Amino acid sequence: ENEQIIGSKSFTAVAVNCASKAGEWIKSRIGQFAEPDLKHSMHDLVTEVDKGSERLIRNLIGTHFPHHSFLGEEGVEPGPEASARALEKVSDAEYLWIVDPIDGTTNYVHDFPFYSVSIALARKGQVIVGVVYDPSRDELFVAERGKGAYVHGKRMSISGEKALRQSLVATGFPADHTAALPANLKQIQAVAPQVRNVRVAGSAALHMAYVAAGRLSGFWEIGLNAWDLAAGSLLVEEAGGRVTDQSGEPYHLGVRNVAASNGWIHGELLEALKKA
Ligand code: IPD
Ligand code: CA
Ligand code: CA
Ligand code: CA
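Cut-offs used in this document
Residues numbered from 1 in each chain as written. Chains lettered and ligands numbered in written order. Predicted model: local features only at pLDDT ≥ 70, side-chain atom pairs only at ≥ 80, totals over all residues. Near = placed C-beta within 6 Å. Nonpolar A, V, L, I, M, F, W, Y, C, P; charged D, E, K, R; others polar. Domains from an automatic or database assignment. Helix = DSSP H or I, 4+ residues; strand = E, 2+ residues; numbered from the N terminus. Buried ≥ 20, exposed ≤ 12 C-beta atoms within 10 Å, placed from the backbone. Contact = placed C-beta atoms within 7 Å. Axes fitted to C-alpha atoms, helices over the stretch in contact; angles between N-to-C directions. Parallel < 35°, antiparallel > 145°, perpendicular 65-115°, else oblique.

Colleague: What's the story with the site of ligand 1 in this structure? I'm lost.
Modeller: Looking at ligand 1, there are 15 residues lining it, with Asp103, Thr105, Gly172, Gly202 and Ala204 nearest. Residues that form the shell around ligand 1 fall into these classes: 5 nonpolar, 5 polar and 5 charged. Both of domain 1 (2–155) and domain 2 (164–275) provide at least three residues apiece to the shell around ligand 1.

Colleague: What is the right way to look at the environment of Phe70 in this model?
Modeller: Looking at the element boundaries, Phe70 is found in strand β3 (residues 69–72). A tally of 18 C-beta atoms within 10 Å means that Phe70 is categorised as partly exposed. Ignoring any residue separated from it by four or fewer positions in sequence, one finds Phe70 in contact with Arg58, Ile61 and Trp97.

Colleague: Sorry if this is basic, but what is going on with the packing of helix α6 (residues 204–212) against helix α7 (residues 226–238) here?
Modeller: For the pair α6 and α7, the least separation of the axes is 8 Å and the interaxial angle reads 5°. Relative to α7, the element α6 is oriented roughly parallel. In contact with Ala204, Ala205, Met208, Ala209, Val211 and Ala212 of α6, α7 contributes Asp228, Leu229, Ala231, Gly232, Ser233, Leu235 and Val236. For the contact of α6 with α7, a count of residues per class yields 10 nonpolar, 2 polar and 1 charged.

Pasting the structure below:
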């Protein structure tokens, strides 16, 4: 048991170190990178800094834990089929690091200060460490399974709003404009009249961290990947909230259509999404 505690502490220390180093580096590169490349549409950008950040994190994790598996966004072909295959390949891993080197690339490209680095460690498919770092505000969100969620060392807990009508919630516009975006717009139409307001700030991982911190009461999105959600899911759960897919099944690494909340409004949020 002792070994496990030491082990999990050092896992968290490495995750924090990677997220801070990568976050500082990407912030220092703002405005100094080549034109972004397009992935599969004009709505889906990638820069050399996304790739550099992933390389930095992968190398650092590799020096500490050479036998652990690694799943990072920029190592996977775009599209849901490729990401399902990539996840499937590593789903048996004893230890799997799940990394989004910049979550919110579009914001990053436009110097809109809401993007993050997201790093999770899963053991046999269950997230045990989750770290999200926001370099613009220098906010570091950290959770360890069973030990709570913290922002800069201060314990976080979810918001107290008991109903949608008192809630500020967030969503994300999917990059896939063929099916996912129209579905998301319908969901906004269903949810917006029932809440105080809706935010679409452009980083799923930070939206999740904000639910954990009690700054948002809920968040939902369609078509996300493990690297967008893994770290944030543990932040929300350890802060006392709830994370499911949009039919109410508990979160697992394969969940793409997510609903996260303070728990109180979860049923109402799922109901509203179902009506969309
Ligand atoms: C995106 C962001 C965005 C969300 C998109 C994601 P990326 O991640 O999280 O908020 O709406 O669905 O793909 O590509 O910037 O890492
Ligand atoms: Ca991306
Ligand atoms: Ca992302
Ligand atoms: Ca990304």
